[in-house]
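These are the residues of each chain, in order.
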Amino acid sequence: MSDKIFRVHPSIGFARFGTSPDYYLAPETAAGMSGPEGQDVDGGLPIKAGTEDQTITSSDLRDNTGALVRQAARFRIFAYDCGDQETYPQGAGTEIRIGTKVGGRTVTDITWCVHLANKKANGYFMETGIAADRSILSYYNYGGTPGLRNAQEGPDPTNPARLKKLIIDAGPRAVSGAKAARVAFDRDTPCAYIDDSGQITEAPDYPKCFPSDVFANLYEPDGPIDTLGEIETDAHGRLIVLPGRGRAVAWTQPDGSYFPLTSFVDNDGWFDDASDGPVEAMIHFDDGTTATVHGGWVTATDPGYAPQTLNVVSLWDDVYDAWVRDLRLQPEIYTGGYNRDFEPDFDEHISPTFKAAALQRWNTNMPSFAIDAHDATGEITADDAPGTTIMAGLAFIRNPNLGQAESSNGAPLMPLSLGDSGKSFLSTSLTQYFFLEQWNAGKYTKANPKPLGQGERLDKVSLMNCLGGRFSPGIDMTFIARQSNLYQADWRGGPGPFRIAGRPLDYATATPNKPFLGEGYVPLHTGEGSVEPGDICKFMALPWHTDYNSCATHTTAPYTNSTLYWSWPAQRPVAVYAAMDVKDGQLGEQRYSVRGKGTENDNPALQGRYQDSVDMILNWSRIGIVIQGTAIDGGDYSRKHYLEVQSQLDAPEVEPWPINDTSRT
């Protein structure tokens, strides 16, 4: 098998919380982009469990008890013929399933191993000082790292006593074969891994740890954190990773009271059940041989409340930008500077930015003239002369090359949402903007000469359907996604691009009562190959609910009385059109996505969110989902409309734009 390279795809997959034991599969099409020919829905819809590509409808979002269904991540294996001179995209790859023939041999089994953990409570503050610097700069400043969360548990993030208290570590689990039964990442299920011979081996001495193992009298408003999810396989031997249940718990302070939720991002004394970790696999052949596989990574995070709404700056845009500029992914695009002779493909490189801009209108309360402008942007095609479109001269696109001065300019420049830490407004990535400049100059192609292969497409789509930009800290990943030492840089002829550089884990060395995982990856301070389970989600808000709740609207700078803008309108809908309000094809008045009892406030700056963050922990699963009209059951809805369905919240209407009265913040 030396002539074949095997890789897991997607390289980074995302599972999303729900309260139901049921699941659907993560979408394998890009949000907002045109779906397959003949289908009446666009991309981004999750896939029904047990099917190849049948997308869900509104009836699949909740189970028969009304519980929110979880999103599972599906991982596949692809075989490649490639060497040290491999280029990206390769455009090839053959999926490997149980029963596939490879070089005259037949795949008889696939063995998978996943390790999930949560290190948030042992991580560093995201809010550091008055500037609330939630960026890589905080790892340059403040003596080399920001302050530690839960400093009362000790000042050393590598101390075993602190690690044992503050890390949720479920350990590894392994499955094999087709339709393997579900295996839980809980306290009672034995740990298991793949040994050197490819066999599943139990690790009875692995030191699993959950909050109740360390702390008594936990406050559990939505139930205990007693699992981080499950794994199973499908009929072809592909891996399915299910997330936890989106819960948060707190322990007591010395006076016996529970730690309060006082921050949007950093709350001492709290855990949540977000998780992440490596996905490993080994292939077994009918002649008794095995083949190793370059693995992937899985992250369990917030629900997808608007799965078909594409971010103007997606996680793909940020990851791809880092790979193009720092890891020489495509020298034909960038080698110390952008190649002005390169012609980006309209559908691959340019159209997503325009489509995303158009889709924002369904999750925000824009004035009518802005809606018209966004609609016109989304209608730009490869056949339109750039100078005849609304984006002629890129007059409405914020230029990231102009730095702080440009990032302070609001409307009419786009993206019209808040910027990263220290910046008032969001800008496209540098590579995105380069592609737009080439389009504006008429230097683009309508037929991509280097199309992605199926596995490569899964890598891209998985990241496209996540939040980029506005890493303050974000929802799915944060600013670490831009750091080149997070990834396996030597990718040609081996792992391929976009893979987390995980630390090798020798489970045979695990011993009881001694934490197996350490501090792990720290930006700028640890090098390639240092990422452990739990090291991706630890840079996110603790608990996740507080950040999601708060990031509806904000002013563009602290302590100013100015128009309110949106944080993450694609991932965190603010104002929505409910399907139940559509009459004779006409939209009703908008409603806040987060609404009802506990959200009331006379101050527009504080509306559209719970006033007490604990209410978000109790009610996040009742929030509705925004999907395309043609995916909604029981009515005749327009394909052009993206409407909220399955909300279990009360329904007051939204104040029209502009919302300017922030004098009481």
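Report follows, based on the coordinates. Keep in mind it's a predicted model, so treat the numbers as computed, not measured.

Definitions and cut-offs
Note on numbering: residues in each chain are counted from 1, in written sequence order. Given that the model is predicted, a residue must reach a pLDDT of at least 70 before its local features are reported, and side-chain atom pairs must reach 80 or more before they are shown or counted; all residues, however, enter totals for whole chains, interfaces and linings. To obtain the side-chain values, all non-hydrogen atoms of the structure were used and water was disregarded. In the sections that follow, a salt bridge refers to a side-chain nitrogen of Lys or Arg positioned within 4 Å of a carboxyl oxygen of Asp or Glu. Segments assigned H or I by DSSP are reported as helices when at least four residues long, segments assigned E as strands when at least two residues long, and all are numbered from the N terminus. Here is the rule: rings of Phe, Tyr and Trp (six-membered ring for Trp) pair when centre to centre is within 6.5 Å. Planes less than 30 degrees apart are stacked, more than 60 are edge-to-face, and the remainder are tilted. Relative accessible area decides the class of each residue, using a 1.4 Å probe on protein chains only: under 20% of the type maximum gives buried, over 50% gives exposed, and in between gives partly exposed. Criterion for a charge above a ring: Lys NZ or Arg CZ within 6 Å of the ring centre, and within 35 degrees of the ring normal. Any two residues whose heavy atoms approach within 4.5 Å at even a single point are treated as in contact. Polar contact criterion, stated in full: a pair of N or O atoms within 3.5 Å, where within protein one must be able to donate a hydrogen and the other to accept it, and residues adjacent in sequence count only if both atoms are side-chain atoms. Only residues whose relative accessible area exceeds 30% and that form no salt bridge enter a patch; like-charged residues are grouped when within 9 Å of one another, and nonpolar side chains (Val, Leu, Ile, Met, Phe, Trp, Tyr) when within 5 Å. What sets the accessible areas is the Shrake-Rupley method with a 1.4 Å probe; for residues, cover comes only from the shown protein chains. Residues belong to a common nonpolar core when they are buried Ala, Val, Leu, Ile, Met, Phe, Trp, Tyr or Cys residues joined through side-chain atoms within 4.5 Å.

Some points on the pattern of salt bridges
Under the definition given, this model contains 37 salt bridges. The salt bridge partner of R105 is D287, with a shortest N-O separation of 3.0 Å. Of this pair, R105 sits in strand β7 (residues 105-118) while D287 sits in the loop between β16 (275-285) and β17 (290-292); the two residues are 182 residues apart in sequence, bridging distant segments of the chain. Taken together, the shared-partner salt bridges connect E28, E52, R74, R76, E95, R97, D234 and R238 into one network.

As for the packing of aromatic side chains
If you walk through the whole model with that rule in mind, you get 33 aromatic pairs. Pairing F342 with F435 gives two aromatic rings, centres 6.2 Å apart and planes at 40°, and the pair type is tilted. In this pair, F342 sits in the loop between α3 (315-326) and α4 (346-359) while F435 sits in helix α7 (residues 430-440), placing the two residues 93 residues apart along the sequence. Considering the side-chain rings of W362 and Y642, the 6.2 Å spacing of their centres and the 45° angle between planes classify their relative orientation as tilted. Here the residue W362 occupies a position in the loop between α4 and α5 (368-378), and Y642 occupies one in strand β24 (residues 642-645), the gap between them amounting to 280 residues. Side by side, W362 and Y642 carry an identical accessibility label, which is buried. The structure contains a cluster of three or more aromatic residues connected by ring pairs, namely Y88, W316, Y320, W323, Y334, Y338, F342, F434, F435, Y487 and F498. Above the face of the Y80 ring, R7 is positioned so that its terminal group lies 5.0 Å from the ring centre.

Considering the environment of D169
Relative to the elements of secondary structure, D169 occurs in strand β8 (residues 168-176). Residue D169 is classed as buried on the basis of its relative accessible area, which comes to 4%. Along the primary structure D169 and L587 are separated by 418 residues, whereas in three dimensions their C-alpha atoms are 47 Å apart. Sequence-distant contacts of D169, defined by excluding residues within four places in its chain, comprise H115, L116, A117, Y206, P207, K208, C209, F516 and L517. Side chain to side chain, D169 and H115 meet in a polar contact 2.8 Å long. A distance of 2.4 Å separates polar atoms of two side chains, one belonging to D169 and the other to Y206.

Some points on a nonpolar patch on the surface
On the surface, L137, Y140 and L524 cluster together into a nonpolar patch covering about 310 Å² of accessible area. Relative to the assigned elements, L137 resides in the loop between β7 and α1 (160-166). Looking at L137, the relative accessible area reads 46%, which means it is partly exposed.

Here's the deal with the environment of G154
Here G154 shows up in the loop between β7 and α1. Accessibility expressed as a relative area gives 19% for G154, which makes it buried. Considering only alpha carbons, one finds G154 and V324, 170 residues apart in sequence, at a separation of 40 Å. Apart from residues no more than four positions distant in its own chain, G154 is found in contact with L148 and R162.

Considerations on the nonpolar core
As a rule of thumb, nonpolar side chains are buried together in soluble globular proteins. With 115 residues, the main nonpolar core has L315, Y320, W439 and L486 as its most contacted residues. In contact with Y320, not counting residues within four places along its chain, are Y88, L329, Q330, I333, H349, T431, F435 and F498.

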